[in-house]
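These are the residues of each chain, in order.
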Amino acid sequence: MQNKLTAIQTFVRVAEAGSFSAAARQNGLKQSAVSQQIAALEEALGVVLLHRTTRKMALTEQGQHYLQQVRPLLSAMEELEQQLRPGSQPLHGKLHIQLPSGIGQRLMPHLIAFQQAHPALRLNIALEDRLSDLIAEGVDVAIRLSESPPATLAARSLTIVETVLVASPAWIARNGTPQTPDDLRHHPHIRFSGVSPDAPLHLISANARVSVPLESAFRSNNSDALMQALEAGLGIGGLQTLIGADALASGRLVRVLPDWRLPDRYLYAVFPDARFIPDKVRKLVARVSEVLVGLEGTGQGQT
C-alpha cells in the first residue's frame, strides 16, 4: 500500500481519539479519507484492527496489540528526527506519567514548573496508588514504590523511602505513648488497604526485627486519606517521611517508638520499554530525581 507510515500514524490517532471523526478533525482530513487509510492498513496487515458500528468503534485484540507495538516505534522515529535537526530542539508532545498519590502531591509543583519550562510538552499526570499496565494504558513512565524493582519492566532507582510510626498529639494525650512494639497490639492502627487485614506489622530497629499483630481502625488505598485519619487522631500508623515532613515539622504528627520504623522501600522510575526511552522522559525523570534529593533531606531533618 502507498504511504503505510501515514496510515499507521492515522490508526494511532483514531485509537487515541476514540473515533474516526475526531481523528479526522485533528488531521484536517475528511472522515472518509481516514476510514480509507485504516481499511488499507488492515488489508495490508491481513487483520481487523478496529470494530466499527454506526455509534462507536473499538480496538480488536489484534488492534490493541498492534497499537502497543507501534507507539514506541513512532516515538523512536520522531526522536531520531529531532536529533538530526541542527540546534537544540525543545521538548514537545505528550508525556503520560503515573505517580503514587501522596508522593505525586509533593512533586506536583515541580511537575507543573517542568511543563512551564517546556511549554510545547503536554503532560498527562495520573495520581494513583494502583499498579497500572503501562503498555496498555500508554504510560510513558511510572513512579512506583516497592521493596524491589519490577521483574518484567525497565526501572531506575530514585531514592530510599523511610516509613516511621506516628500519631497526633491529641491521640498521644488520650492514650499515652507506647513504650515497646508489643504495646502497639493494644492500640488502633491506620493502615494502607493494600495490606491484608490479618498481616502483622513488621518493624526494624538498629539491631532487631519484630512482627506485631494489629487491629486496623481505619484503612484506605489513598495516602492523603491515611494522613488525614492520623491527624484526626484515629490511631497510630506508618508515615513516609518523604510526604510527611511538613506534618512532622509543624507538630501535627509526632513520632511513636522513634527507635523503630517499617522496612525501607524504594522509589523507582519504571518504563514500558527499555529499548527506547524518549529524551523528554529522561529529562523529566532526571528532574524528579533532583527534587527527591531535596525532599529527602527535608524529611530526614524532621525524623
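Residues numbered from 1 in each chain as written. Predicted model: local features only at pLDDT ≥ 70, side-chain atom pairs only at ≥ 80, totals over all residues. Heavy atoms only, no water.

Caption draft 1: Local environment of the overall build of the protein. Scanning the protein from N- to C-terminus turns up nine helices and 13 strands. For 303 residues, the compact-globule estimate of 2.2 N^0.38 gives 19 Å, and the protein exceeds it by more than 25% at 24 Å. By residue count, 40% of the 303 residues in the protein fall in the buried class. Pairs at least 24 residues apart make up 74% of the contacts formed inside the protein by residues separated by at least 6 positions. Accessible surface, the protein: about 16100 Å² in total, of which carbon and sulfur atoms supply 51%. (Helix = DSSP H or I, 4+ residues; strand = E, 2+ residues; numbered from the N terminus. Rg over C-alpha atoms; globule rule 2.2 N^0.38 Å. Buried < 20%, exposed > 50% of the residue type's maximum accessible area, 1.4 Å probe, protein only. Contact = heavy atoms within 4.5 Å. Areas by Shrake-Rupley, 256 points an atom, 1.4 Å probe, with all protein chains shown as cover.)

Caption draft 2: Local environment of the nonpolar core. Formed by 39 residues in total, the largest nonpolar core has its most connected members in Leu-107, Val-141, Leu-158, Leu-253 and Leu-267. Top contributing element to this core by residue count: helix H9 (residues 279–300), with seven residues. Residue contributions to this core reach at least three from each of two domains, namely domain 2 (93–158 + 266–298) and domain 3 (161–264). Other than its neighbours up to four places away in sequence, Leu-158 contacts Ile-143, Leu-267, Tyr-268, Ala-269, Val-285, Val-288, Ser-289 and Leu-292. Membership of the second largest hydrophobic core comes to 19 residues, among which are Val-12, Ala-15, Leu-41 and Val-70. (Core = buried A, V, L, I, M, F, W, Y, C linked by side-chain atoms within 4.5 Å. Domains from an automatic or database assignment.)

Caption draft 3: Molecular detail of the layout of surface pockets. The volume enclosed by the largest pocket comes to roughly 1400 Å³. Around the largest pocket, the lining comprises 45 residues; the ones closest to its centre are Arg-71, Ser-75, Glu-78, Lys-94 and Lys-280. When contributions to the lining of the largest pocket are tallied by element, the ones reaching two or more residues are helix H1 (4–17), helix H4 (61–84), strand E3 (93–99), strand E4 (121–127) and H9. In terms of residue count, the dominant contributor to the lining of the largest pocket is H4 (twelve residues). Partitioned by chemical class, the residues of the lining of the largest pocket number 18 nonpolar, 13 polar and 14 charged. Two domains each provide a minimum of three residues to the lining of the largest pocket, namely domain 1 (4–84) and domain 2 (93–158 + 266–298). Lining the second largest pocket are 37 residues, and of these Leu-145, Phe-192, Val-195, Gln-240 and Arg-265 sit closest to its centre. For the lining of the second largest pocket, the secondary-structure elements that each account for two or more residues are E3, helix H5 (101–117), strand E5 (141–146), strand E7 (188–192), strand E8 (201–204), helix H7 (223–231), strand E11 (236–240) and strand E13 (261–271). Classifying every residue of the lining of the second largest pocket by side-chain character gives 19 nonpolar, eleven polar and seven charged. Mapping the lining of the second largest pocket onto the domain boundaries places at least three of its residues in each of domain 2 (93–158 + 266–298) and domain 3 (161–264). (1 Å grid on protein atoms, 1.4 Å probe; cavity = no way out; pocket = protein on both sides within 12 Å on 5 of 7 lines; lining within 4 Å. Points joined across faces, edges and corners; volume = space filled by probe spheres on them. Nonpolar A, V, L, I, M, F, W, Y, C, P; charged D, E, K, R; others polar.)

Caption draft 4: Summary view of the side chain of Glu-42. You can see Glu-42 is positioned in helix H3 (residues 31–45). Among the polar contacts listed, one links the side chain of Glu-42 to the backbone nitrogen of Leu-49, at a separation of 2.7 Å. Beyond its immediate stretch of four places on either side in the chain, Glu-42 contacts Val-47, Val-48, Leu-49, Leu-50 and Arg-52. (Polar contact = N/O pair within 3.5 Å; in protein donor to acceptor, adjacent residues only side chain to side chain.)

Caption draft 5: Quick look at the pattern of salt bridges. A full pass over the atoms with the stated rule returns nine salt bridges. Here Asp-182 ties to Arg-185 by a salt bridge, and the two come within 2.8 Å at their closest N and O atoms. Given the relative accessible area of 40%, Asp-182 is considered partly exposed. Glu-231 is the salt-bridge partner of Arg-252, the closest N and O atoms lying 3.2 Å from each other. Highlighted residues: Arg-252 in the loop between helix H8 (241–250) and strand E12 (254–255) and Glu-231 in helix H7, separated in sequence by 21 residues. One salt-bridge network, held together by shared partners, links Glu-16, Arg-71 and Lys-94. (Salt bridge = Lys/Arg side-chain N within 4 Å of Asp/Glu carboxyl O.)

Caption draft 6: Quick peek at the side chain of Ser-289. When you line up the elements, Ser-289 lands in helix H9. The residues contacting Ser-289, other than those within four sequence positions of it, are Arg-156 and Leu-158.

Caption draft 7: Up close: H8. Here H8 lies mainly inside the structure; seven of its ten residues are buried. Where H8 is concerned, the buried positions are Thr-241, Leu-242, Ile-243, Gly-244, Ala-245, Ala-247 and Leu-248. Immediately downstream of H8, the backbone of Gly-251 shows phi near 85 degrees, a positive value.

Caption draft 8: Region of the structure containing the pairing of E7. In this structure, E7 lies alongside strand E10 (residues 215–220), joined through five bridges in parallel fashion. The partner of Pro-188 across the bridge, within E10, is Glu-215. As judged from the two bridges shared by E7 and E11, these two strands associate in the parallel manner. Looking across to E11, one finds that His-189 is bridged to Ile-236. (Pairing = 2+ DSSP bridges.)

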